[in-house]
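The primary structure of each chain is shown beneath.
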Amino acid sequence: VGLIEAEGFCSRDAGGNLTGFNVETARLLCQRMGASCRLEVMSLTDVISGVSEGRVQIGFGNLLKSPEREQVMLFSHPYWRSSSIFIGAPALADLALPAQLAGKRVAVQTGSRQHAWAKAQRHGAQVVEVAHADGVMAALINGDADLGLLPMVVALNYLKSEQGKRFDFIGSPTDSDGLGGSVHIVVSKDRPDLLSGLDKVLDASVRDGSLHALSRRFLPFDVY
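First things first, this report covers the structure right here in the doc. (Residues numbered from 1 in each chain as written. Predicted model: local features only at pLDDT ≥ 70, side-chain atom pairs only at ≥ 80, totals over all residues. Heavy atoms only, no water.)

Some remarks on the overall build of the protein chain
Assigned secondary structure in the protein chain consists of eight helices and 13 strands. Taken over C-alpha atoms, the radius of gyration comes to 18 Å for the protein chain, in line with the 17 Å a tight globule of 224 residues would show. If one aligns the C-alpha atoms of the protein chain with their principal axes, the spans along those axes are about 55 × 40 × 30 Å. Relative to its full complement of 224 residues, the protein chain shows a buried share of 46%. Sequence separation of at least 24 residues holds for 68% of the intrachain contacts in the protein chain that already meet a minimum separation of 6. Just so you have it, the protein chain exposes about 10,900 Å², and 48% of that area is on carbon and sulfur atoms. Within the protein chain, one finds 22 positive and 24 negative side-chain charges whose respective centroids are separated by 2 Å. (Helix = DSSP H or I, 4+ residues; strand = E, 2+ residues; numbered from the N terminus. Rg over C-alpha atoms; globule rule 2.2 N^0.38 Å. Buried < 20%, exposed > 50% of the residue type's maximum accessible area, 1.4 Å probe, protein only. Contact = heavy atoms within 4.5 Å. Areas by Shrake-Rupley, 256 points an atom, 1.4 Å probe, with all protein chains shown as cover. Lys, Arg positive; Asp, Glu negative; His and termini not counted. Charge placed at Lys NZ, Arg CZ, Asp CG, Glu CD.)

Thoughts on the state of the cysteines
What the rule picks out here adds up to one disulfide. Between cysteine 30 and cysteine 37 runs a disulfide, and the two sulfur atoms are separated by 2.1 Å. Its S-S torsion of about -95° marks the bond between cysteine 30 and cysteine 37 as left-handed, since a negative value means left-handed. Overall, the relative accessible area of 6% leaves cysteine 30 in the buried class. (Disulfide = S-S within 2.5 Å.)

Observations regarding the packing of aromatic side chains
Inspection of the entire model under this criterion finds five aromatic pairs. Aromatic side chains phenylalanine 21 and tyrosine 79 sit 6.1 Å apart centroid to centroid with 15° between the ring planes, which places their arrangement in the stacked category. You can see phenylalanine 21 sitting in helix H1 (residues 21–33) and its partner tyrosine 79 sitting in the loop between strand E6 (73–75) and strand E7 (80–82), a full 58 residues away along the chain. Each member of the pair, phenylalanine 21 together with tyrosine 79, is buried. Each ring, one from phenylalanine 86 and one from tryptophan 117, has its centre 6.1 Å from the other, and the planes form 70°; the classification is edge-to-face. (Phe/Tyr/Trp six-rings, centres within 6.5 Å; stacked < 30°, edge-to-face > 60°.)

Things to note about the pairing of strand E5 (residues 58–64)
Remember that side chains alternate between the two faces of the sheet whenever the strand is regular. Among the seven residues in E5, seven count as buried, and that is most of the element. On E5, burial covers both faces: Ile58, Phe60, Asn62 and Leu64 on one face and Gly59, Gly61 and Leu63 on the other are all buried. In terms of strand pairing, strand E1 (residues 2–4) meets E5 through two bridges, oriented parallel. For glycine 2, the partnering residue across the bridge sits in E5 and is glycine 59. The pairing of E5 with strand E13 (residues 181–188) spans four bridges and is antiparallel. Bridged to leucine 63 within E13 is histidine 184. (Pairing = 2+ DSSP bridges.)

Regarding the pattern of salt bridges
One pass over the full model with this rule turns up nine salt bridges. Glutamate 129 serves as the salt-bridge partner of lysine 119, at 3.7 Å between the closest nitrogen and oxygen. Remark: glutamate 129 occurs in strand E10 (residues 126–130) and lysine 119 occurs in helix H4 (residues 113–121); sequence separation between them is 10 residues. On the accessibility criterion, glutamate 129 (43% relative accessible area) is partly exposed. (Salt bridge = Lys/Arg side-chain N within 4 Å of Asp/Glu carboxyl O.)

Structural notes on the packing of H1 against helix H8 (residues 210–218)
It is the contact of H1 with H8, at a shortest axis distance of 9 Å, that shows an interaxial angle of 155°. Taken together, the axis directions place H1 and H8 in an arrangement best described as roughly antiparallel. By crossing handedness, the relation of H1 to H8 is classed as right-handed. Contact residues: Phe21, Glu24, Thr25, Leu28 and Arg32 in H1; Ser210, Leu211, Leu214, Ser215, Arg217 and Phe218 in H8. Class assignment for the residues of the contact of H1 with H8 results in five nonpolar, three polar and three charged. (Axes fitted to C-alpha atoms, helices over the stretch in contact; angles between N-to-C directions. Parallel < 35°, antiparallel > 145°, perpendicular 65-115°, else oblique. Left-handed = near helix turned anticlockwise from the far one by under 90°. Nonpolar A, V, L, I, M, F, W, Y, C, P; charged D, E, K, R; others polar.)

Shown next as structure tokens:
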């Protein structure tokens, strides 16, 4: 089982043990399937390539479904829903978004859902395009942007960092207008049998509240 490292989802505790929402979800689902699973932390690129090439059977990469990805891997039933959020200096905490974006410089990663939203919505903001997600935080730190628009998971990671302590969430998370979507576990395409078993225990874990309890334990925001 491949997992990407992300605050609240997959990290190590003081004793060096893996913990987090995705870690405990993987353990719960493997246990309920009666499967012996080995958890391994990987980059997002390695999770995607590992699953698509069959070297990794299950991947937790907080992935949204896309036609390109569906060609090389299988997707589980949804197990939480992603969202996006603005970040910026605490002085902007009372800004009404997106109504008061006019005249603000908003940093977004080129090619991302947030980039597409910022370019299409035309709220009067100046879109600051950066090549990577790290560039959003850099633009805020360097004073090249007033706000950054990021996936909630990425924003949470940045705000937990030393540099990110200067900033805060501005407004509330949103998944409207393409700024979010259903998140899936991915499975090797040559293991439809594994996907079937995974979906069965996943659905049961949603119905009995087990996954909701895990999200409340590890995440400071509602994923449902």
